[in-house]
Amino acid sequence: MASGKQTGAYEVKSAKIIRGGEAVDITMMVSEMNIFSSIIDRTIMGEFLITDGRNVISGFPVQGGDLFKVQIDIMGQMRDYTMRITKVKGLADIETSRMYILETISEFAFQGLHQKFSQSFTGPFNEIALKIFEKYTDEKFGYWEASKGSSTVIIPNWSPTRALGWLAANAVSTTDDIRFRFFQDSKGIYHFMPIEKALDFYKDNPPFTYKYRANNSTDGIPNVEADLSAISDLKFGHAYDMSKSLREGYLVAREYDVNLRDKTQSVINWNYHKEFDKAKYLNPFPQYYNQDFGMGRIYFSASAQYQSDLSGLKKTSVTGYNQLVQITVKGNPEVDIGQVIQLDIPNPDPAGSRKGEKDNMWTGKYYVTAKRDFYAGDEVKMVMDCAKESLKEEV
């Protein structure tokens, strides 16, 4: 495992299993690593392939619940993880050693497996969420956005992570009718924010552009910068799911909201095309062409406390209704979930591809919604799930 700042280089500096006051160093036993992060999941997960020639698994022994600390140097940047072992799997004997996989989750997620609480809170959802987070963990947090309004909520014997997930799903941005997400990025930092917040940081100038089938050398000499931005594998996910979009009200929806306190009714309408504002989307044009779908999906709600708004109908910009792709690229510690990147995908037509033409239906800005950092040999690769909800050109 090479260290240094060359493209995709990494080195495991330290890997230890800890229980109580005892620790065993397994740095030289770590053969492969996978770190999974996603805006859908609330915390990261890890898988570590161990080649054990010292029978640590039985001699220590290794058990679920043990603390696992690993430090990784990625292209000159240090990354530290403190996780809990939840499972030992894939155990196999190979001549004079054993191989197995340590499955791990974050410390916060592990505590949530057995730690539950019931409590009443009053205030903005972001403030309630931060109180819960700081009470039950000392892990780091990054973006913690303000949310609209103030409410009284009762957490009914939930784990802290479940409570934070619920609060995020119901929190509404102060700047737009959009909901939040609670997630942990691949650096181990937690965020409480709408994924659309990335537009403020990256829309006009995505920090990374990845190109498929790009020429990464000049006169046979490798181009390191181009190599870092090259897509080595591209897989297309599903797209344009019209049946789901109509069934779940992504394109058109109406909600009848009854206020039980003052016995009034309000009607809220959502129309993807009428509400489309290119300033609030990754790319300038709608993903679907405009058609008449009537009132669309009908919802009913009744509450004495909560007043419905457009955020209940306006689906988040990262959903199963969007264009989805998965790319594999060289590892880069600066790239993470919740960011916006630019993907350049060539025209599949050979003549157009030779002219440098792009596939404008799939080229564009994307959210990074999930990432797997795969460490093996001397190199780390990133397998990233990306989604976009708008097009570069009008259809």
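Up top is the structure.
Residues numbered from 1 in each chain as written. Predicted model: local features only at pLDDT ≥ 70, side-chain atom pairs only at ≥ 80, totals over all residues. Heavy atoms only, no water.

1. Section: the overall build of the chain
So, point 1. Per the secondary structure count, the chain includes nine helices and 26 strands.
So, point 2. By the compact-globule yardstick of 21 Å for 395 residues, the chain fits well, its C-alpha radius of gyration being 24 Å.
So, point 3. Referenced to the eigenvectors of the C-alpha coordinate spread, the extents of the chain come out at roughly 75 × 65 × 30 Å.
So, point 4. In the chain, which comprises 395 residues, the proportion classed as buried is 49%. (Helix = DSSP H or I, 4+ residues; strand = E, 2+ residues; numbered from the N terminus. Rg over C-alpha atoms; globule rule 2.2 N^0.38 Å. Buried < 20%, exposed > 50% of the residue type's maximum accessible area, 1.4 Å probe, protein only.)

2. Some thoughts on the sheet that holds strand E11 (residues 181-184)
So, point 1. Spatially, E9-E12-E11 is the arrangement adopted by the three strands of the open sheet, whose pairing is mixed. The open sheet has two free edges, formed respectively by strand E9 (141-144) and E11, since each of these has just one partner strand. Taken pair by pair, the neighbouring strands of this sheet meet at an average axis angle of 10°, ignoring direction.
So, point 2. Against the sheet, helix H3 (residues 125-136) makes contact with E9, E11 and strand E12 (190-193), and its axis sits at roughly 170° relative to E9, the strand it touches most.
So, point 3. Set on the sheet, helix H4 (residues 160-170) makes contact with E9, E11 and E12; between it and E11 the angle comes to about 135°. (Pairing = 2+ DSSP bridges. Axes fitted to C-alpha atoms, helices over the stretch in contact; angles between N-to-C directions. Contact = heavy atoms within 4.5 Å.)

3. Details of the pattern of salt bridges
So, point 1. In the structure shown here, the tally under the stated rule is 15 salt bridges.
So, point 2. Of the charged contacts, one joins Glu145 and Lys197 as a salt bridge, the two residues approaching to 3.5 Å between their closest N and O atoms. Here the residue Glu145 occupies a position in the loop between E9 and strand E10 (151-158), and Lys197 occupies one in the loop between E12 and helix H5 (198-202), the gap between them amounting to 52 residues.
So, point 3. Here the salt bridges do not stand alone but share partners, grouping Glu47, Lys87, Lys89 and Glu103 into one network. (Salt bridge = Lys/Arg side-chain N within 4 Å of Asp/Glu carboxyl O.)

4. Some details on the side chain of Thr161
So, point 1. Mapped onto the elements of the fold, Thr161 is located in helix H4.
So, point 2. By relative accessible area, which is 11% here, Thr161 ends up buried.
So, point 3. In contact with Thr161, other than residues within four places in its own chain, are Arg42, Thr43, Phe108 and Ala109.

5. Quick word on a nonpolar patch on the surface
So, point 1. On the surface, Tyr240, Tyr289, Met361 and Val395 cluster together into a nonpolar patch covering about 370 Å² of accessible area.
So, point 2. Since its relative accessible area comes to 48%, Val395 is described here as partly exposed. (Patch = residues over 30% accessible without salt bridge, like charges linked within 9 Å, V, L, I, M, F, W, Y side chains within 5 Å. Areas by Shrake-Rupley, 256 points an atom, 1.4 Å probe, with all protein chains shown as cover.)

6. Here's the deal with the environment of Pro286
So, point 1. For Pro286, the location among the structural elements is in strand E20 (residues 285-286).
So, point 2. It is 18 Å that separates the C-alpha atoms of Pro286 and Asn269, two residues lying 17 residues apart in sequence.
So, point 3. Other than its neighbours up to four places away in sequence, Pro286 contacts Tyr272, His273, Phe276, Leu391 and Val395.

7. A word on the packing of aromatic side chains
So, point 1. Counted according to the given criterion, the structure contains 28 aromatic pairs.
So, point 2. Considering the side-chain rings of Phe133 and Tyr190, the 5.3 Å spacing of their centres and the 65° angle between planes classify their relative orientation as edge-to-face. Here the residue Phe133 occupies a position in helix H3, and Tyr190 occupies one in strand E12, the gap between them amounting to 57 residues. Across the pair, Tyr190 and Phe133 agree in class, each one buried.
So, point 3. Connected via pairs of aromatic rings, a cluster forms that spans Phe108, Phe133, Phe141, Trp144, Phe180, Phe182, Tyr190 and Phe192.
So, point 4. The ring of Tyr321 is capped by Lys244, whose NZ or CZ atom sits 5.3 Å from the centre of that ring. (Phe/Tyr/Trp six-rings, centres within 6.5 Å; stacked < 30°, edge-to-face > 60°. Lys NZ or Arg CZ within 6 Å of the ring centre and 35° of its normal.)

8. Side note on empty space enclosed by the protein
So, point 1. Per the counting criterion, the structure on display carries two cavities of 30 Å³ or more.
So, point 2. Of the voids in this model, the largest cavity is the one considered here, and its volume is about 50 Å³.
So, point 3. Lining the largest cavity are Tyr250, Trp270, Tyr272, Tyr281, Lys314, Lys315, Thr316 and Ser317.
So, point 4. Along the lines of polarity and charge, the residues of the lining of the largest cavity split into four nonpolar, two polar and two charged. (1 Å grid on protein atoms, 1.4 Å probe; cavity = no way out; pocket = protein on both sides within 12 Å on 5 of 7 lines; lining within 4 Å. Points joined across faces, edges and corners; volume = space filled by probe spheres on them. Nonpolar A, V, L, I, M, F, W, Y, C, P; charged D, E, K, R; others polar.)

9. Here we look at the environment of Leu91
So, point 1. Turning to its location among the elements, Leu91 is positioned in strand E6 (residues 77-94).
So, point 2. As a C-alpha pair, Leu91 and Ile101 span 10 residues in sequence and 7.2 Å in three-dimensional space.
So, point 3. Beyond its immediate sequence surroundings of up to four residues, Leu91 is in contact with Ile57, Arg98, Met99 and Tyr100.

10. Examining the nonpolar core
So, point 1. Judged by nonpolar contacts, the single largest core of 31 residues is most densely connected at Tyr210, Ile327, Ile341, Leu343 and Met384.
So, point 2. For this core, the secondary-structure elements that each account for two or more residues are H5, strand E13 (209-212), strand E22 (323-330), strand E23 (340-344), strand E24 (364-376) and strand E25 (379-388).
So, point 3. At four residues, E25 tops the list of elements feeding residues into this core.
So, point 4. Dropping the residues within four chain positions of it, Met384 is found in contact with Tyr210, Val325, Gln326, Ile327, Val329, Val335, Ile341, Val368, Ala370 and Lys371.
So, point 5. By size, the runner-up hydrophobic cluster in this structure holds 29 residues, among which are Met29, Ile85, Tyr100 and Tyr375. (Core = buried A, V, L, I, M, F, W, Y, C linked by side-chain atoms within 4.5 Å.)

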